[in-house]
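One letter stands for each residue in the lines below.
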Amino acid sequence: MAKKHLTQEEVDQLKEITNIGAGNAATALSHMLGKKIGMTVPDSFVGGITDVQRMLGKTEDTVVATFLKVHGDLEGAMVMILPPKSAIDFVDILTKEKIKDIKELQQKDLSAIQEMGNILLGASITALNKFLDMTMIHSIPDVAVDMLGAVMDEILVEIGSDTEEILAFRINLHLEGKKVGGDLYYLFDPNSSSKILKMTSKKV
Amino acid sequence: MSGEINIKTGELAIDSKDGIIKTGSVGSCVVIAIYDRNDSVGGLAHAMLPHRRGKKEEKMTDFKSGNTSAKYADEAVENLVRGIKAKGGDEKKLVAKLVGGASMFKKLTGDKHGIGAQNIESAREKLQSMGIEIDNEDTGGSSGKIVEFHVKNGMVQVNTTL
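Draft legend 1. Structural view of the overall build of chain A. Each helix and strand in chain A was counted, giving six helices and eight strands. Written out in order from the N terminus, the α and β elements of chain A read α-β-β-α-β-β-α-α-β-β-α-β-β-α. For 204 residues, the compact-globule formula gives about 17 Å, and the C-alpha radius of gyration of chain A, at 16 Å, lands near that figure. Its C-alpha atoms give chain A principal-axis dimensions of roughly 50 × 30 × 30 Å. Scored against the burial criterion, the 204 residues of chain A give a buried share of 58%. Counting contacts in chain A only where the partners sit at least 6 residues apart, residues at least 24 apart contribute 75% of the total. With an accessible surface of roughly 8,800 Å², chain A has 52% of that area assigned to carbon and sulfur atoms.

Set out below in structure tokens:
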């Protein structure tokens, strides 16, 4: 059963999961780019799928979204959301290709971003598997360029259509001292919250 | 009433005359516009899911905003019609337009049985069962859309961001 009313301690425990997952992702990104990566404090949210949309912020902003589905002990999805400027900057760093506008992104540029997302989100899952002593596997990644709300809609419904509820975490990764970065979203079926809490309680 | 109303996912609004109802970032959701051709009364709904799954019906209290009476495509159609009738629209003169039902990630669902296609199907079925003709639609594909509905003449303007 979904736990709707979490105590502050439980919320903190769940957020710690995000730090562990994103910490590993940040390390992977740092190795990949040879740059220092900063991380923000994570947000978390448990609630109805229409309410999770309100956590997103400016839903009509165009973003580059890389997404993969998560199966196994926890069911859900992970998403990397890059604002257009950051997507262009990452393409520049990864492929040495200068692009002025997001409309100029070609399939090979999107593939580079998708692969970056695959590495970051995959690293997150590896860290969570290890910490939670669980087995989760992920699908191949997919990438879309569109409005934030439009891309997240479909993902939220895909995970939450049975219960219409979602357990969501968000954390921002960025090149230290620069405005180049993006948000990672870890989205789980709400039943996952009790499973995560059970495992984290054993650890502390 | 005239002016602009913005609705979010799961919401609907009814307006008349010069009213404009807008909704943004429509991906796999379906946006349903229904209006009375003669009396300048109409409504717009932004539905996220095709059907309710065995839960009790919530009572609709507010047509303006913050309600979730349009979360499900089939109920959204019913609630739109109810709201339009309450504002003086004639049930027999209603026509509909549909937008959305896209598949943003091809690898996630494919084109056929994705949630977008199910949303469209659900709205179509309900409209048909209520005898409401679908005048026009811009559905499917893989682009997010912004929708603006002009109640006065039933015009639906669809924009994409890219």
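Draft legend 2. Structural view of the overall build of chain B. What chain B contains, in helices and strands, is three helices and nine strands. In chain B, the succession of α and β elements from N to C terminus is β-β-β-β-β-α-β-α-α-β-β-β. Within chain B, contacts between residues at least 6 apart in sequence are counted, and of these 67% link residues at least 24 apart. Element-wise, carbon and sulfur atoms account for 44% of the exposed surface of chain B, whose accessible area totals about 7,100 Å².

Draft legend 3. Representation of the packing of aromatic side chains. All names here are of chain A. Per the stated rule, a full pass over the model turns up three aromatic pairs over all chains. Ring centres of Phe169 and Phe188 lie 6.5 Å apart, and the angle between their planes is 65°; on these two criteria the pair is classed as edge-to-face. A residue pair is termed long-range when its members are at least 10 positions apart, and Phe169 in strand β7 (residues 165-175) and Phe188 in strand β8 (residues 181-188) qualify at 19 residues. You'll find Phe169 and Phe188 in the same group, each marked buried.

Draft legend 4. The arrangement of the sheet that holds strand β1 (residues 4-7) of chain B in detail. Residue and element names in this part refer to chain B. What the four strands build is an open sheet, ordered β1-β3-β8-β9; its pairing is mixed. Each having just a single partner strand, β1 and β9 (155-159) make up the two edges of the open sheet. Here the strands of the sheet are splayed against their neighbours by 20° on average, with no regard to which way each runs. With five bridges connecting them, strand β8 (residues 145-150) and β9 associate as antiparallel partners. By the bridge assignment, Phe149 is partnered in β9 with Val156.

Draft legend 5. Expanded view of the interface of chain A and chain B. Of the residues lining the interface, 34 residues belong to chain A; the matching set on chain B comes to 33 residues. Taken as a group, Thr50, Glu154 and Glu164 of chain A account for 24% of the area that chain A buries against chain B, more than any other trio of residues on that side. Summed over the shared surface of chain A and chain B, the result is one salt bridge. A salt bridge links Lys71 of chain B to Glu164 of chain A; the shortest N-O distance between them is 2.9 Å. Linking chain A with chain B are seven residue pairs in polar contact (both at pLDDT 80 or more). Counting residues per element, the ones that place at least two in the side of chain A that touches chain B are α2 (49-55), β3 (62-72), β6 (142-147) and α5 (148-160) of chain A. Broken down by element, the side of chain A that touches chain B gets its largest block of residues, nine residues, from α5 of chain A. Partitioning the side of chain A that touches chain B into residue classes produces 15 nonpolar, eight polar and 11 charged.

Draft legend 6. Summary view of the environment of Lys58 of chain A. Residues and elements named next belong to chain A. Mapped onto the elements, Lys58 comes out in the loop between α2 and β3. Classification of Lys58 as exposed rests on a relative accessible area of 62%. Spatially, the C-alpha atoms of Lys58 and Lys179 are 18 Å apart, while their sequence positions differ by 121 residues.

Draft legend 7. Quick peek at the sheet that holds strand β5 (residues 41-47) of chain B. All names here are of chain B. A sheet is described by the order of its strands in space; here five strands give the open sequence β2-β5-β4-β6-β7, paired in mixed fashion. Of all strands in the sheet, those with a lone pairing partner are β2 (12-16) and β7 (133-139), marking the two edges. Taken over all neighbouring pairs, the strand axes of this sheet differ in orientation by 15° on average, direction set aside. Bridging between strand β6 (residues 94-100) and β7 involves six bridges; their strand directions are parallel. Opposite Ala96, over in β7, you have Ile134 as the bridge partner. Packed onto the sheet, helix α3 (residues 115-129) meets β4 (30-36), β5, β6 and β7 and runs at close to 170° relative to β7.

Draft legend 8. Region of the structure containing the pairing of β3 of chain A. Residues and elements named next belong to chain A. Counting buried positions along β3 gives eight out of 11 residues, so the element sits mostly inside the fold. Note that β3 and β6 share six bridges and pair antiparallel. Bridge assignment links Thr66 to a residue of β6, and that residue is Val143. Examined bridge by bridge, β3 and strand β4 (residues 76-82) share seven bridges and lie antiparallel to one another. In the sheet register, Val64 faces β4, and the bridge partner there is Leu82. Here β3 runs beside strand β5 (residues 136-138); their pairing, made up of three bridges, is antiparallel. Note that in β5 the partner of His71 across the bridge is Ile137.

Definitions and cut-offs
Residues numbered from 1 in each chain as written. Chains lettered and ligands numbered in written order. Predicted model: local features only at pLDDT ≥ 70, side-chain atom pairs only at ≥ 80, totals over all residues. Heavy atoms only, no water. Helix = DSSP H or I, 4+ residues; strand = E, 2+ residues; numbered from the N terminus. Rg over C-alpha atoms; globule rule 2.2 N^0.38 Å. Buried < 20%, exposed > 50% of the residue type's maximum accessible area, 1.4 Å probe, protein only. Contact = heavy atoms within 4.5 Å. Areas by Shrake-Rupley, 256 points an atom, 1.4 Å probe, with all protein chains shown as cover. Phe/Tyr/Trp six-rings, centres within 6.5 Å; stacked < 30°, edge-to-face > 60°. Pairing = 2+ DSSP bridges. Axes fitted to C-alpha atoms, helices over the stretch in contact; angles between N-to-C directions. Buried area = accessible area lost by both parts, 1.4 Å probe. Salt bridge = Lys/Arg side-chain N within 4 Å of Asp/Glu carboxyl O. Polar contact = N/O pair within 3.5 Å; in protein donor to acceptor, adjacent residues only side chain to side chain. Nonpolar A, V, L, I, M, F, W, Y, C, P; charged D, E, K, R; others polar.

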